[in-house]
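# Remarks on the overall topology
Residue-level listing of the chains:
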Amino acid sequence: MKEIEKAYEAKKYEDDIYKKWEKSGAFSPKKVKGKKPFVIAMPPPNATGTLHLGHATMLAVEDIMIRFKRMQGTPSLWIPGTDHASIATQNKVEKIVAERGETRHTLGREKFLQEVHEFVKKSQNTIRNQVRKMGSSCDWTRERYTLDSGLSKAVSEIFVRMYNDGLIYRGHRIVNWCVRCTSTLADDEVEFKEEKTKFYYIKYGPVVIGTARPETKFQDKIIVAHPDDKRYKKYFGKKMTVDWINGPIEAAFLADKNADPEFGTGAMTLTPAHDFLDFDLAKKHKLEIVQIIGQDGNFTDVVGKKFAGKSARASREAIVEILQKKGLIERIDENYVHNLSVCYRCGTPVEPLVSEQWFVDVNKPVIKEGDKKVSLKKRAIDVVKKGKIEIIPDRFNKIYFHWLNDLRDWCISRQIWFGHRIPVWYCHSENKKPLCAKPIVQVKAPTKCPGCGSNKLEQESDTLDTWFSSGLWTFSTLGWPDKTDDLDYFHPTAVLETGYDILFFWVARMILMTNYALDEIPFKQVYLHGLVRDKNGKKMSKSAGNGIDPLDMIDKFGTDAVRLSLVIGTSAGNDFRLYEEKIAGYRNFVNKIWNSARFAFMNMPDNKPHKFLKSHIKSHADKWILTELQNLIKEVNVDMENYHFSEAGTKIYNFTWGIYCDWYLEMSKGEHMNPAVLLFVLKNLLKLLHPFVPFVTESLWNHLETGTMLISEEWPVYDKTLVFTKEAKELKDIMEIITSIRSIRAEKGVEPARKINATIYGGAKTKLIITKESIIKRMARIENLTIAPKGEKLAKALWKYVNGINIYLPVEDLFDISQEVIRMQKKYEEINKKAESIGSRINNPNFVQRAPKELVEKEMKQHQELLAEMDSLQKQIKELQNLHN
RNA sequence: GGAGAUGUAGCUCAGUUGGUUAGAGCGCAACAUUGACAUUGUUGAGGUCGGUGGUUCGAAUCCACUCAUCUCCACCA
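Note that the coordinates shown come from a computational prediction; the quantities given were computed from them, not determined experimentally.

Helix and strand counts for chain A come out as 27 helices and 31 strands. Here chain A has a C-alpha radius of gyration of 37 Å; the compact-globule value for 885 residues is 29 Å, and the former is much larger. Principal-axis analysis of the C-alpha atoms gives chain A an extent of 115 × 65 × 60 Å. Within chain A, counting contacts between residues at least 6 apart in sequence, those at least 24 apart form 76% of the total. Where the 136 positive side-chain charges of chain A centre and where its 116 negative ones centre are 2 Å apart.

This part is about the environment of Glu-356. Looking at the secondary structure, you find Glu-356 in strand 14 (residues 353-360). With 142 residues separating them along the chain, Glu-356 and Pro-214 place their C-alpha atoms 25 Å apart.

The environment of RNA strand B is made up of 61 residues, and the closest members are Tyr-336, Asn-595, Trp-657, Lys-834 and Arg-850. A breakdown of the atoms of RNA strand B within 4 Å of the protein gives sugar and phosphate a share of 60%. One of the side-chain N or O atoms of Arg-577 is found 3.0 Å from a phosphate oxygen in RNA strand B. Between RNA strand B and the protein, one listed contact pairs a sugar or linking oxygen with a side-chain N or O atom of Asn-591 at 2.9 Å. In the surface near RNA strand B, the residues fall into 20 nonpolar, 19 polar and 22 charged.

What follows concerns the pairing of strand 24 (residues 493-499). Along a regular strand, successive side chains alternate from one face of the sheet to the other. Among the 7 residues that make up strand 24, 7 are buried, leaving the element largely enclosed by the rest of the structure. Pairing analysis gives 6 bridges linking strand 24 to strand 25 (residues 523-529), with the strands arranged parallel. Bridging from a neighbouring strand, Glu-497 pairs with Tyr-527 of strand 25. Chirality of the crossover, the property in question, places the unit of strand 24, helix 14 (residues 503-518) and strand 25 among those that are right-handed.

The element strand 30 (residues 798-802) is extensively covered by neighbouring structure, given that 4 of its 5 residues are classed as buried. Pairing of strand 30 with strand 31 (residues 805-809), which is carried by 5 bridges, proceeds in the antiparallel orientation. Bridging across to strand 31, Tyr-801 finds its partner in Asn-806.

For helix 3 (residues 86-98), built from 13 residues, the straight-helix expectation of 18 Å at 1.5 Å per residue is met to within 8% by its first-to-last C-alpha distance of 18 Å. Along helix 3, the positions that sit buried rather than exposed are Ser-86, Ile-87, Ala-88, Thr-89, Gln-90, Asn-91, Val-93, Glu-94 and Val-97. Contacts made by the buried residues of helix 3 are with helix 4 (104-107), helix 5 (109-133), strand 6 (183-185), strand 19 (413-414), strand 23 (463-464) and helix 11 (466-470).

This part is about the pattern of salt bridges. Enumeration over the complete set of coordinates arrives at 49 salt bridges. Notably, a salt bridge pairs Lys-12 with Glu-9, separated by 3.8 Å at the nearest N-O pair. Residues Lys-198 and Glu-317 are paired through a salt bridge, measuring 3.8 Å at the closest nitrogen-oxygen approach. Placement of the pair is Lys-198 in strand 7 (residues 190-204) and Glu-317 in helix 8 (residues 316-325), with a sequence separation of 119 residues. Residue classification places Lys-198 among the partly exposed residues on the basis of a relative accessible area of 28%.

Within this structure, the stated rule accounts for 42 aromatic pairs. Among the aromatic residues, those joined into a ring-pair cluster are Phe-159, Tyr-163, Trp-358, Trp-410 and Phe-468. A cation over a ring is seen here: Arg-67 above Trp-21, with NZ or CZ 4.1 Å from the ring centre.

This part is about the side chain of His-420. On the secondary structure map, His-420 appears in the loop between strand 19 and strand 20 (424-427). Residue contacts for His-420: discarding those within four places in its chain leaves His-84, Thr-146, Leu-147, Ser-152, Val-155, Asp-462, Thr-463, Leu-464 and Ser-469.

What follows covers the sheet that holds strand 28 (residues 756-761). Read across the sheet, 4 strands follow the order 29-28-31-30 without closing on themselves; strand pairing throughout is mixed. Strands at the two margins of the open sheet, each flanked by one partner only, are strand 29 (782-788) and strand 30. Strand-to-strand twist across the sheet, computed as the mean angle between neighbouring axes with direction ignored, equals 20 degrees. Note that strand 28 and strand 31 share 3 bridges and pair antiparallel. When the sheet's bridge partners are listed, Ile-760 is paired in strand 31 with Ile-807. Lying on the sheet, helix 22 (residues 725-748) is in contact with strand 28, strand 29, strand 30 and strand 31; it crosses strand 30 at an angle near 145 degrees.

Turning to the sheet that holds strand 7, a few remarks are in order. Pairing within the open sheet is antiparallel, and its 3 strands lie in the order 8-7-13. Looking along the sheet, the strands with just one partner apiece sit at the ends: strand 8 (207-211) and strand 13 (329-343). If you compare each strand with its neighbour and ignore which way they point, the axes differ by 20 degrees on average. Taken together, the 5 bridges between strand 7 and strand 8 define a ladder with antiparallel strand orientation. Among the inter-strand pairings, Lys-203 is bridged to a residue of strand 8, identified as Val-208.

What follows covers the nonpolar core. Grouped together as the largest cluster of nonpolar side chains are 154 residues, with contacts concentrated most on Phe-645, Tyr-660 and Leu-809. Counting 67 residues, the second-largest nonpolar core is a separate cluster that includes Ile-367, Ile-391, Tyr-426 and Leu-472.

Direction vectors running N to C along helix 15 (residues 550-557) and helix 17 (residues 580-602) enclose 40 degrees, while the axes themselves pass 10 Å from each other. Judged on the interaxial angle alone, helix 17 and helix 15 are oblique. Helix 17 is crossed by helix 15, and the crossing has right-handed handedness. Across the interface between the two elements, Met-553, Lys-556 and Phe-557 of helix 15 pack against Glu-580, Ile-583, Ala-584 and Arg-587 of helix 17. Taken together, the residues of the contact of helix 15 with helix 17 sort by class into 4 nonpolar, no polar and 3 charged.

On to the state of the cysteines, then. Applying the stated criterion across every chain, the model contains 0 disulfides. Between Cys-343, a cysteine without a disulfide, and Cys-346, which holds the nearest cysteine sulfur, the sulfur-to-sulfur distance is 3.7 Å. This cysteine, Cys-449, is not joined by any disulfide, and Cys-427 carries the nearest cysteine sulfur, 3.8 Å off.

Turning to the packing of helix 20 (residues 675-689) against helix 21 (residues 694-704), a few remarks are in order. Closest axis-to-axis distance for the helix 20/helix 21 pair is 9 Å, and the angle between their directions is 150 degrees. Along this stretch, helix 20 crosses helix 21, giving a crossing that reads as left-handed. Where helix 20 abuts helix 21, its residues Leu-679, Lys-683, Leu-686, Lys-687 and Leu-689 lie against Thr-697, Leu-700, Trp-701 and Leu-704. Residues that form the contact of helix 20 with helix 21 fall into these classes: 6 nonpolar, 1 polar and 2 charged.

Another point: unusual backbone geometry. In this model, Ile-392 is joined to Pro-393 through a cis peptide bond whose omega is -5 degrees. On the secondary structure map, Pro-393 appears in the loop between strand 17 (390-392) and helix 10 (395-405). Of note, the amide linkage connecting His-491 to Pro-492 takes the cis form, showing an omega dihedral of 0 degrees. On the secondary structure map, Pro-492 appears in the loop between helix 13 (485-490) and strand 24. If you check the backbone angles, Ala-85 has positive phi at about 50 degrees while not being a glycine. Mapped onto the secondary structure, Ala-85 falls in the loop between strand 3 (81-82) and helix 3. Assessed through its relative accessible area of 3%, Ala-85 is described here as buried. Despite not being glycine, Glu-705 has its phi angle at roughly 50 degrees, a positive value.

Reading the values: the criteria
Residues numbered from 1 in each chain as written. Chains lettered and ligands numbered in written order. Predicted model: local features only at pLDDT ≥ 70, side-chain atom pairs only at ≥ 80, totals over all residues. Heavy atoms only, no water. Helix = DSSP H or I, 4+ residues; strand = E, 2+ residues; numbered from the N terminus. Rg over C-alpha atoms; globule rule 2.2 N^0.38 Å. Contact = heavy atoms within 4.5 Å. Lys, Arg positive; Asp, Glu negative; His and termini not counted. Charge placed at Lys NZ, Arg CZ, Asp CG, Glu CD. Near = heavy atom within 4 Å. Polar contact = N/O pair within 3.5 Å; in protein donor to acceptor, adjacent residues only side chain to side chain. Nonpolar A, V, L, I, M, F, W, Y, C, P; charged D, E, K, R; others polar. Buried < 20%, exposed > 50% of the residue type's maximum accessible area, 1.4 Å probe, protein only. Pairing = 2+ DSSP bridges. Right-handed = clockwise from strand over helix to strand, strands pointing away. Expected span 1.5 Å × (residues − 1). Salt bridge = Lys/Arg side-chain N within 4 Å of Asp/Glu carboxyl O. Phe/Tyr/Trp six-rings, centres within 6.5 Å; stacked < 30°, edge-to-face > 60°. Lys NZ or Arg CZ within 6 Å of the ring centre and 35° of its normal. Axes fitted to C-alpha atoms, helices over the stretch in contact; angles between N-to-C directions. Core = buried A, V, L, I, M, F, W, Y, C linked by side-chain atoms within 4.5 Å. Parallel < 35°, antiparallel > 145°, perpendicular 65-115°, else oblique. Left-handed = near helix turned anticlockwise from the far one by under 90°. Disulfide = S-S within 2.5 Å.

Okay, here's the thing in structure tokens:
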């Protein structure tokens, strides 16, 4: 067989192999009737730039799942794609145009969006290449983009359906507003940053109120305290005139349980338009809601000439000064620590304000369930509660339920330009008839108003929350709303694999939306991987400069090594640390795989194909390695089915390096060379390794010239006819003899090159040892080996005892009786301790009564053996001591 | 304020439903170098499994409490 290079150079092979896979069509599954497919909808990376380690982890794990299932013969589909990521992408492009002094407003909607689309095109290409670099075996013929025409159609379609079902409504409500993005943010798009600030105690008529934001208080006319608060009881229901920022105002005092007597002074004034709690209270008590801060973060006209149009936040000090001059500031706490809410995309402080937005009603019962109807929220909870969707690890169930229970109506409109424009049109006709007040909600753009026939129509300028479209991902990618074969065959998908950080953002939304649209779950399982951290356990981020670029690592160590480093040593839901040394370690392993194959190739007679037949099995070593291989296959299959990839990978790693290379290949170097078995094991090993390290395994498979591709090969199945328990156990005894001899040699400083003699008293295992004489001699570097069932203790010989076998190495120049006695005594103590531990157990009637029978028998037998060993040892020690005297 | 995770060798982590003597990789120490591989081999040192108490014949594993680290959710004017 053709010889291969000494070291595996990933770069030389990876791109070619990927192209071959793609060309072969292996990524596109065939639909087989009656056979359940395995489908993963790839979480679409944002179309904003480059892949990070989170993506790399996701791609590695999903590719392992897909390759495993594909090799098992399951039609396996992995749908790739990208997400337009409205706010994130728009912000990025805004930054780019800012470099040449433009803003989106100077460019205008159309031109700006043109810029965004061009940017997206570029980064999509980058992402496509990077996904390929990771070796992802996804079906590129089905690649989708959340903003492409098919998915946009799905978005409009579902919007219209939900609107018609009364699930989507438009309303004035208080929302999180980012003054930089000039858009609303959903509740979970708000982040909290701890901040130390001033806390002001301000006289408000007869009472004192506390606030961190005095600038929002211009129009506060209602003061509230807890109904049980004795300090304020006398004021409840009273009206009063108080001196305030712009002069005296009429104020009223209310009692409400929502006021916390413990906080501040226990009394607060209401700012209904700019505080969530105040807004709710204002609604409850039917109070006037006056907007004093506009969408640009500046004051509206209602605050008076002096401040109108000025930034609210920046005016704080000036307003405090006015209050101070009026003598209304009682005191200022300089060290108030609280959580400032900021925009998750740009970090700008969120300005709560009231505006007209579109919402999804999560409580309205619309999904049919028997004779009843249930809400989106209830259904989303039920499908997990009833086990229709399994979340791995299951501790996230609780988090999921908690989030859903507290879920308020979902604000889906965004005042940004990039995204799906809401499919709603308003009639701007002069001759307003009653019908024209009603918005036109439909998938296709209307040409004229159905009410008055006017063609003066204008589409809603708002776009949809990016998660609204990605919430449809599992089925919109398969062609919905059209009834396609793909949708029919591949939906629901099997597993949704993603980081736990987007459980709410995305996973929960998908469950909501899919249950509504299809009355079906989007996936049966949710596998949440952990987040990648740096060597010190810190989150990787650009600002901290501790990030690792997966592509740099691929360049340096190869994709296979990077994949292993992201999968082995990690478990679902738990964060893990990544650093170069780790990846380098797996690069070494990949090279080890390469070289083990290289050895096999070099020993392969090059004429005939090496079909494996049972008649080829010859030696103990063959039977042992086949047994180990079958055990591996069995265990790995269980692990893979249960998504225990780390364990499966570790087991394959240990087999490859510690069993196949360190022992079987070493034994093969002698007369045990058996190309048929060697090749059989190698082939199976390559298959098992393939999902983890697809490139190196495929390129080695290529060298086998089987004419097939490993990606499409059959996954190994446990074959008990290839298990030889007895022979495997016997060979392990031989291995222990070899290890023992090596151990004494190393301990005594016998140079590896020096050949020495040995005598083995093998007891019941003598026959076996004789047949393995040559292996022992070669691997333990023994010149003359004497084997007998039993015999005299050799004088001046180093000794070792293992599993009923006595080994003597007569190395006179290195022999020291007193040291040998000590060694034997140590061994005696060791065995004695063990015997005592077992003895105490088997002499305990409770143990004998209650422990499983097999265990008790086993322990008793072992105890006997230990006692016999101790006897023999004691004899030997005496002999040695006699020799000494 | 609420919830969760983690704590095992110097470091990073395994340890599946409780079962003899707790494992691996890296690192460390010693030795080895033409033959698959120095991206290597052989051998070795290193752990009272965070602590306390309990359940059990038996606990790293189950329970309670406790300490430490981290994360998520909520958010108070």
